[in-house]
Each structure stands twice: as structure tokens, then as C-alpha cells.
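Each chain is listed here by its residues.
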Amino acid sequence: MITENIQRIKTTLKPGVRLVAVSKYHPVEALQEAYEAGQRIFGENHVQELVAKEAVMPKDVEWHFIGHLQTNKVKYIASFISLIHSVDSMKLLKEINKQAEKCGRTIDVLLQIHVAKEETKFGFTPEEVQQMLAEGEWKACSHVRIVGLMAMATNTDDQAQISGEFETVRKLHDILKERFFSGESSFCELSMGMSGDYTIAQEHGSTLVRVGNKIFGERIYH
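The following refers to the structure shown. Along each chain, residues carry numbers from 1 onward, in the same order as the chain's sequence is written. Given that the model is predicted, a residue must reach a pLDDT of at least 70 before its local features are reported, and side-chain atom pairs must reach 80 or more before they are shown or counted; all residues, however, enter totals for whole chains, interfaces and linings. Remark: hydrogens and water are excluded; side-chain values derive from all non-hydrogen atoms of the structure.

## Side note on the side chain of Asp108
Part 1: With respect to the element layout, Asp108 can be found in strand E5 (residues 107-113).
Part 2: With a 1.4 Å probe rolled over the protein chains alone, any residue whose accessible area is under 20% of its type maximum counts as buried; one over 50% counts as exposed, and the rest are partly exposed. Residue Asp108 is classed as buried on the basis of its relative accessible area of 17%.
Part 3: Think of a polar contact as two N or O atoms within 3.5 Å of one another; within protein, one of them needs to be a possible hydrogen donor and the other a possible acceptor, and neighboring residues in sequence only count if both atoms come from side chains. A polar atom in the side chain of Asp108 sits 2.9 Å from the side chain of Arg145.
Part 4: Throughout, a residue-residue contact means that at least one pair of heavy atoms, one from each residue, lies within 4.5 Å. Sequence-distant contacts of Asp108, that is, excluding residues within four places in its chain, are made with Ser82, Leu83, Ile84, Arg145 and Val147. Each helix corresponds to a stretch of at least 4 residues labelled H or I by DSSP, and each strand to a stretch of at least 2 residues labelled E; elements are numbered beginning at the N terminus.

## Some remarks on helix H2 (residues 28-36)
Because the α-helix completes a turn every 3.6 residues, residues three or four places apart line up on one side.
Part 1: By the burial criterion, the buried members of H2 are Ala30, Leu31, Ala34 and Tyr35. All buried residues of H2 project into a common sector of 145° when viewed along the axis, lining one side. Looking at H2, the residues exposed on the side facing more than 90 degrees away from the buried face are Glu29 and Glu36.
Part 2: Its buried side turned inward, H2 meets helix H1 (2-11), strand E2 (41-44), helix H3 (47-56), strand E3 (62-65) and helix H9 (213-216). The arc in question is the one traced by the directions running from the helix axis out to the C-beta atoms.

## Topic: the nonpolar core
Nonpolar side chains in soluble globular proteins tend to end up buried together.
Part 1: Think of a nonpolar core as a cluster: buried Ala, Val, Leu, Ile, Met, Phe, Trp, Tyr and Cys residues, connected wherever their side-chain atoms sit within 4.5 Å. The biggest cluster of nonpolar side chains holds 65 residues, and the ones touching the most others in it are Phe42, Ile84 and Leu133.
Part 2: Those residues in contact with Ile84, other than ones at most four positions away along the chain, are Phe65, Leu69, Ile77, Ile96, Ile107, Asp108, Val109 and Leu110.
Part 3: Counting seven residues, the second largest nonpolar core, distinct from the first, contains Val20, Ile41, Met150 and Leu208.

## Things to note about the state of the cysteines
Disulfides are covalent bonds that link the sulfur atoms of two cysteine residues.
Part 1: Cysteine sulfur atoms that come within 2.5 Å of each other are treated as a disulfide pair. Counted according to the given criterion, the structure contains zero disulfides.
Part 2: Counting only cysteine sulfurs, Cys141 is the nearest neighbor of Cys188, a cysteine outside any disulfide, at a range of 20 Å.

## Re H1
Part 1: Listed in full, the buried residues belonging to H1 are Ile2, Asn5, Ile6 and Ile9. On an axial view of H1, the arc spanned by its buried residues comes to 95°, and they lie on one face.
Part 2: If you follow the buried residues of H1, they end up packed against strand E1 (18-22), H2, helix H8 (198-203), strand E8 (208-211) and H9.

## With respect to the pairing of E3
Looking along a regular strand, one sees the side chains alternate between the two faces of the sheet.
Part 1: Pairing between strands requires that DSSP locate at least two bridges from one strand to the other. Pairing of E2 with E3 involves four bridges; the strand directions are parallel. Residue pairing in the sheet places Glu44 in a bridge with Phe65 of E3.
Part 2: Crossover handedness is defined here as right-handed if the route from the first strand over the helix to the second strand goes clockwise, with the strands pointing away from the viewer. At this point the chain moves from E2, through H3, to the parallel E3, and the crossover so formed is right-handed.
Part 3: Bridge count between E3 and strand E4 (residues 83-87): two bridges; the pairing is parallel. Looking across to E4, one finds that Phe65 is bridged to Ile84.

## Looking at the environment of Gly148
Part 1: Along the chain, Gly148 falls in strand E6 (residues 144-151).
Part 2: The buried category is assigned to Gly148, whose relative accessible area is 0%.
Part 3: In contact with Gly148, other than residues within four places in its own chain, are Val109, Leu110, Leu111, His173, Phe187 and Glu189.

## Points about the pattern of salt bridges
Part 1: One speaks of a salt bridge when a side-chain nitrogen belonging to Lys or Arg is within 4 Å of a carboxyl oxygen belonging to Asp or Glu. Counted according to the given criterion, the structure contains 11 salt bridges.
Part 2: Two residues, Arg18 and Glu189, come together in a salt bridge whose shortest N-O distance is 3.2 Å. Of the two residues, Arg18 is situated in strand E1 and Glu189 in strand E7 (residues 189-192); the sequence distance between them amounts to 171 residues.
Part 3: With a closest N to O distance of 2.8 Å, Lys53 and Glu44 form a salt bridge. Grouping residues by exposure puts Lys53 and Glu44 together as buried.

Here is the structure:
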């Protein structure tokens, strides 16, 4: 079933859009089936679960951390993480830089933008992210590479609202690119869209879609 789901989703993706299989709470057997179907990017929300899965899955898996990341947990994933989608503070960025330096690597990150009409979501507002970048402290983080933005739309059936929120983030990406990353070809990622709204996100320039339920079915909570 997982194999068929992945194949079906991939036929709906625009050229250049990559699928992040959101595998939190799913057993390694399910990830292995997805891997055998050709899936290589997996997204996890919990550090402990991610570390356990990374230890047993094939080494060419590209692990993305997509949940809220606490600074004291960064050290556990710094040696292998490919992309952290959820940087929502300068404090976290500095900690990722510190742990990446200890591991002798540079870690790619996305800045999380809060556009949803929900208090529970994390992230910088569009104003906050511009202020943070303008202050310039991030430039000293030589072991972190900011490669784009991540956002979640409001959990609603109002497609016009979802579309508007994604468009806000796309426009912000363009502004930040011009102001702070004009010479950086690596600043090109937009992680937007989940199982329910990834087709809308693609229309607004998403390069990474985070899909869980449509691949693995409903989650099994421990």
C-alpha cells in the first residue's frame, strides 16, 4: 500500500518538487517499505525517535527534522541531519551552528515563518524574520547555511485562505532573497504543504512537500 501511495503522490508533484515522507510514529518496517519504493527523504518531529530510526535505516537516507526543535536536543542529531525545517529563533540557529562545528560539518536549515491563524504554530512573523536577518548576527554562524523558508498554513477548508498564506511566504522568500541572499544560489527552498494542502502549496512555489498520512495512513500514537 505504501509503495502505491508514494507512486501516486509522485505523479502529482510538479518538476523540481521533492517529497518528504513524514514518518513520525510509524514503525521502521513502514519506512523500509517506503525506502524500497524509492523514497529517500524522511521527515521526523521527535529527536529520540529520529535517532533510533537513523541507527537502523540505510545510510543513504536524507533525514529532515520538521518539528519544533529544543536547543538542548540539537546535539543528538547534528552529526547526520540533512535539513532542519524549523528554525524559529536566533538562539536555536546559534546552537545548531555550535553543534555543527563540533561535528565538523555545515548544516542546512530553513527559517520557520508563522502565517497561520493559529497560536499553536511556531515561527518568526514576516516582520520578525526581516529584523533578525537585518541585525546580521546570523552571518557569524559559519557552520549553518540558511537555504530557505518553511511554513504551515492554517488548518482550514478555506482554500483561498490557505492559498493566500502560502503566497505571503513565497513573496517573503523573494524579498529575503533580494535583501540578504542575492548571491546565494543555495537560498532556493520553500517547504510548504502537507497531506491536505500540498497541491495548493505547489502552485505557490513549494520545493519540499511534507506528506505523512497519504503515504503511511493514520498515525499510531504511542
